[in-house]
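Residue-level listing of the chains:
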Amino acid sequence: MTLLKVEALSREFGGILAVDSLHFEIAPGSIHSIIGPNGAGKTTLFNLVTGVYAPSAGRVHFEGRDITGLAPHRLAAMGLSRTFQNLQIFFNMTALENVMVGLHLTLDRRLGAALFRLGGVARKERRARDAAAELMRFVGLEAYLDVDADAMPYGALKGLELARALASKPRLLLLDEPAAGLNPVETEEVAGLIRKIAQSGVTVVLVEHDMRLVMGVSDHVLVLDYGRKLAEGTVDEVRANPDVIAAYLGSGAAGGTHGA
Amino acid sequence: MSQALKRKLADPRTGGLLGLAAVIAVLPLFLPNNFYYDVAIGAGLSAIVCVGLNLLIGYAGQISLGHAGFVGLGAYSSAVLTVEFGWHPLAAMTAGALGVGILAFLVARPILRLRGHYLAMATLGLGIIISIVVNTEAEYTGGPDGMTVPSLMFFGRELYGEAVWYWIVGAALLFTVWLSLNLIASPVGRALRAVHGSEPAAEIAGVDTAHYKVLVFVISAVIASLAGSLGAHYAGFVSPANVGFFRSIELVTMVVLGGMASTYGAVVGAAILTVLPQLLTGLEDYEHIAFGLILMLTVIFMPRGLVPSFFTIARNRLASAGAPPP
Ligand SMILES: Nc1ncnc2c1ncn2[C@@H]1O[C@H](COP(=O)(O)OP(=O)(O)O)[C@@H](O)[C@H]1O
Ligand SMILES: [Mg+2]
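Parameters at a glance
- Residues numbered from 1 in each chain as written.
- Chains lettered and ligands numbered in written order.
- Predicted model: local features only at pLDDT ≥ 70, side-chain atom pairs only at ≥ 80, totals over all residues.
- Heavy atoms only, no water.
- Near = heavy atom within 4 Å.
- Polar contact = N/O pair within 3.5 Å; in protein donor to acceptor, adjacent residues only side chain to side chain.
- Helix = DSSP H or I, 4+ residues; strand = E, 2+ residues; numbered from the N terminus.
- Donors = N, O, S within 2.8 Å, 3.2 Å for Na, K, Ca; no water.
- Buried < 20%, exposed > 50% of the residue type's maximum accessible area, 1.4 Å probe, protein only.
- Axes fitted to C-alpha atoms, helices over the stretch in contact; angles between N-to-C directions.
- Parallel < 35°, antiparallel > 145°, perpendicular 65-115°, else oblique.
- Contact = heavy atoms within 4.5 Å.
- Nonpolar A, V, L, I, M, F, W, Y, C, P; charged D, E, K, R; others polar.
- Domains from an automatic or database assignment.
- Buried area = accessible area lost by both parts, 1.4 Å probe.
- Salt bridge = Lys/Arg side-chain N within 4 Å of Asp/Glu carboxyl O.
- Expected span 1.5 Å × (residues − 1).
- Pairing = 2+ DSSP bridges.
- Core = buried A, V, L, I, M, F, W, Y, C linked by side-chain atoms within 4.5 Å.

A. Geometry of the site of ligand 1. All names here are of chain A. Near ligand 1, the surroundings consist of Phe13, Ile16, Ala18, Pro37, Asn38, Gly39, Ala40, Gly41, Lys42, Thr43, Thr44 and Tyr53. A distance of 2.8 Å separates an oxygen atom of ligand 1 from a polar backbone atom of Gly39. Here an oxygen atom of ligand 1 and a side-chain polar atom of Thr44 are 2.6 Å apart. Among the elements of the structure, β2 (16-26) and α1 (42-49) are those that each provide at least two residues to the shell around ligand 1. Per-element accounting of the shell around ligand 1 gives the leading share, three residues, to α1.

Shown next, in the form of structure tokens:
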């Protein structure tokens, strides 16, 4: 059984292929990492899978359904969520409200109920606040509940993205460099969170430069280079792969020595 | 005062509404004659339009440069359908609002799927077209001379005169503000704010951004149309003077000055910029320049607008005065 299946996926930007006829599958219930140097096409791959970009060629299947070209909000309803490498925070809201947006699909979205405050909107909103607060506690942000997002430090915003993504109760969660710019202590906390999320039954796809984090949490690793698959396998298999050693781990890109 | 009561009064949906109701109730004591009533009614009608426009601009982050056109369509629907076709005023008002809603939907639907400022350009064009149509279709609209509009009837009673219309517009404003506050404090309102904050993040959270952008545009257009109908029946007259591009810019300026993403800000902005030109009579020639200047200076020096800036300053004062936390 595969959760996500990518077939012959390509995307070109102005003549160069950012993602080049990529094939891979992700089985449910584990942590998959996608690594590769900057510009390898990792973020573009996330954008293709989550409907931000349309592919130039190829298909994406989620739980057996062809989701190629579907808008992100449709995918969210099907159980897909993600975080963004370049933070996408609602800076016009408090931290808690950011997470409440993640609950959108579980809430009463009828216009009439909203305008006239009918159908228990007030009570449902209180419950949504509680659920969002619970998620913020889960990612360790209980100190920021009613803080405006634009007053929060960078590390906390990374956690906020995670809490918001979890709010939509995804079955597949794509994390784009969740530890970039974090200090070692924060990175360790993120590693713990990723494990907890995976244990709760959410399949995690992790794009990350911090090799200690990747090697520490991953069940499966996919290595990208110039948009193509360079290698794939368990952590040990990938570590032992001569192509990977030559092209990636041997270069300065290894060990998370550079940032995002 | 009990904590619960304090919290209720601090809530914009109760405390703020009570405050606005109090201002509307007390204001007539300071209005010596019908001219002042007329200014107050004008401010109230503009405020209604601005509360709707603020949902679009302030909360959802989209721009309309053609809202005076929607106000005008509402006004002319009431005028033409009652005079030329003999409709009941309330039926004409409803039909105008429906028609405007459909027009707004048809315009916004294809445009709002695109990113960027296409809506600003499209509404600019739409506003200009509406203005041209009411000017040239003289057979129905009276052209540049305008046309008279019959009074609104309410249970057999004719609604006529400033003193009556002051309370009608006041009640309509309170109702509009209540709707706006309710909307913003709901999942729908949060979705609108999310569209403004980050479209990619809103989408992956499950928010159909195109749907909400179209929805808020239609809501703001319908509110503008209804305010236009009310204004037509109050004045008993419609003319193309207030349908044009400059009036649309005035409405945007009111929203920006009062404070984007603030329902009460929209009311304050509309009130100030309706009263101000009355104080500066004799300077009509410079009105366009003055509005342009106010818009520029606000954006540069007080981008959040009057009401949000005022509350930030007040809160900081309270905090630095060492006031114990509530
Ligand atoms: N929107 C875009 N327009 C043009 N080029 C892009 C765009 N997004 C990504 N690219 C290009 O695609 C390649 C892969 O980028 P990206 O997916 O961000 O890599 P990674 O996330 O692995 O660092 C790079 O050469 C980048 O410049
Ligand atoms: Mg990237």
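Having seen the structure, we can now continue with the description.
B. Representation of the coordination of the magnesium ion (ligand 2) in the model. Residues and elements named next belong to chain A. Within the first shell, the magnesium ion (ligand 2) binds the protein through Thr43 (OG1) and Gln85 (OE1), at distances of 2.0 to 2.1 Å. Pair noted here: Thr43 is in helix α1 and Gln85 is in the loop between β6 (80-82) and α3 (95-102), with a separation of 42 residues, a long-range link. Overall, the relative accessible area of 24% leaves Gln85 in the partly exposed class.

C. Fine view of the packing of helix α3 (residues 34-59) of chain B against helix α11 (residues 209-235) of chain B. Residue and element names in this part refer to chain B. One way to put it is that α3 packs onto α11 with a least axis distance of 7 Å and a crossing angle of 170 degrees. It follows that α3 is roughly antiparallel to α11 by the angle criterion. Between α3, through Asp38, Ile41, Leu45, Ile48, Val49, Gly52, Leu53, Leu55 and Leu56, and α11, the contact on the second element is made entirely by Val216, Phe217, Ile219, Ser220, Ile223, Ala224, Ala227, Leu230, Gly231 and Tyr234. Among the residues forming the contact of α3 with α11, the class breakdown is 15 nonpolar, three polar and one charged.

D. Region of interest: the domain arrangement of chain B. Residues and elements named next belong to chain B. What the domain assignment lists for chain B is domain 1 (40-279) and domain 2 (286-326). Spacing between the C-alpha centres of domain 1 and domain 2 amounts to 25 Å. With 16 residues of domain 1 in contact, the opposing surface of domain 2 contributes 14 residues. Carbon and sulfur atoms supply 80% of the area buried between domain 1 and domain 2, which totals about 1200 Å² over both sides. Seen at the junction of domain 1 and domain 2, the total is zero salt bridges. The interface formed by domain 1 and domain 2 contains three residue pairs in polar contact (both at pLDDT 80 or more).

E. Local environment of the pattern of salt bridges. Overall, the coordinates contain 16 salt bridges over all chains when judged by the stated rule. The partner of Arg247(B) in a salt bridge is Glu250(B), with the nearest N and O atoms 2.6 Å apart. Here Arg247(B) and its partner Glu250(B) are both found in helix α12 (residues 245-258), three residues apart, which amounts to about one turn of the helix. Neither Arg247(B) nor Glu250(B) differs from the other in exposure class; each is buried. Salt bridges here are not isolated pairs; linked through shared partners, they connect Asp108(A), Arg110(A) and Lys124(A).

F. Representation of the packing of α3(B) against α12(B) in the model. Residues and elements named next belong to chain B. Across the interface, α3 lies against α12 with an axial gap of 9 Å and an inter-helix angle of 75 degrees. Relative to α12, α3 is oriented roughly perpendicular. Contacts between α3 and α12 involve Ser46, Val49, Cys50, Leu53, Asn54 and Ile57 on the former and, on the latter, Arg247, Leu251, Val252, Met254 and Val255. Of the residues assigned to the contact of α3 with α12, the class counts are eight nonpolar, two polar and one charged.

G. Region of the structure containing the side chain of Ser151(B). Residues and elements named next belong to chain B. Assignment of secondary structure puts Ser151 in the loop between β1 (147-148) and β2 (152-154). Overall, Ser151 belongs to the buried group, its relative accessible area being 18%. Polar contacts involving the side chain of Ser151 include one to the side chain of Glu158, which spans 2.8 Å.

H. Expanded view of helix α13 (residues 263-279) of chain B. Residues and elements named next belong to chain B. Taking 1.5 Å per residue, 17 residues should reach 24 Å; α13 reaches 25 Å between its end C-alpha atoms and fits that length. Burial in α13 covers these residues: Thr263, Tyr264, Gly265, Ala266, Val267, Gly269, Ala270, Leu273 and Thr274. At its buried positions, α13 is contacted by α2 (12-26), α3, α8 (162-184), α12, α14 (287-301) and α15 (306-320).

I. Main features of α11(B). Residues and elements named next belong to chain B. Compared with the 39 Å implied by 1.5 Å per residue over 27 residues, the 39 Å span of α11 between its first and last C-alpha is a close match. With 23 of 27 residues buried, α11 is to be regarded as a mostly interior element. Remark: Gly236 follows α11 within two positions and exhibits a positive phi of approximately 70 degrees.

J. Focus on the pairing of strand β4 (residues 57-62) of chain A. Residues and elements named next belong to chain A. The pairing of strand β1 (residues 4-13) with β4 spans five bridges and is antiparallel. Looking across to β4, one finds that Leu4 is bridged to Phe62. Pairing of β4 with strand β5 (residues 65-66) involves two bridges; the strand directions are antiparallel. The residue bridging His61 from the neighbouring strand is Asp66, located in β5. Remark: two residues form the turn of the hairpin made by β4 and β5, two consecutive strands paired antiparallel; Glu63 in that turn has positive phi of roughly 50 degrees.

K. Geometry of the interface of chain B and chain A. Listed per partner, the contact involves 29 residues of chain B and 32 residues of chain A. Interface area lost by chain B to chain A is led by Arg190(B), Arg193(B) and Ile204(B), which between them contribute 27%. Linking chain B with chain A are two salt bridges. The salt bridge involving Arg193(B) is made with Glu97(A); its shortest N-O contact spans 3.1 Å. At the boundary of chain B and chain A, one finds nine residue pairs in polar contact (both at pLDDT 80 or more). Breaking the side of chain B that touches chain A down by element, the ones donating at least two residues are α8, α9 (187-197), α10 (199-204) and α11 of chain B. Ranked by the residues each element gives to the side of chain B that touches chain A, the list is headed by α9(B), at eight residues.

L. Focus on unusual backbone geometry. Residue and element names in this part refer to chain A. Phi at Ala8 takes a positive value of approximately 50 degrees, unusual for a residue other than glycine. Following the sequence through the fold, Ala8 ends up in strand β1. Given the relative accessible area of 31%, Ala8 is considered partly exposed.

M. Local environment of the nonpolar core. Judged by nonpolar contacts, the single largest core of 96 residues is most densely connected at Phe70(B), Trp165(B), Val177(B), Leu183(B), Tyr212(B), Phe217(B) and Val238(B). With sequence-adjacent residues up to four places away left out, Trp165(B) is seen in contact with Ile41(B), Leu152(B), Leu159(B), Tyr160(B), Leu230(B), His233(B) and Tyr234(B). Listed in part, the 40 residues of the second largest apolar core include Leu107(A), Leu160(A), Ala167(A) and Leu173(A).

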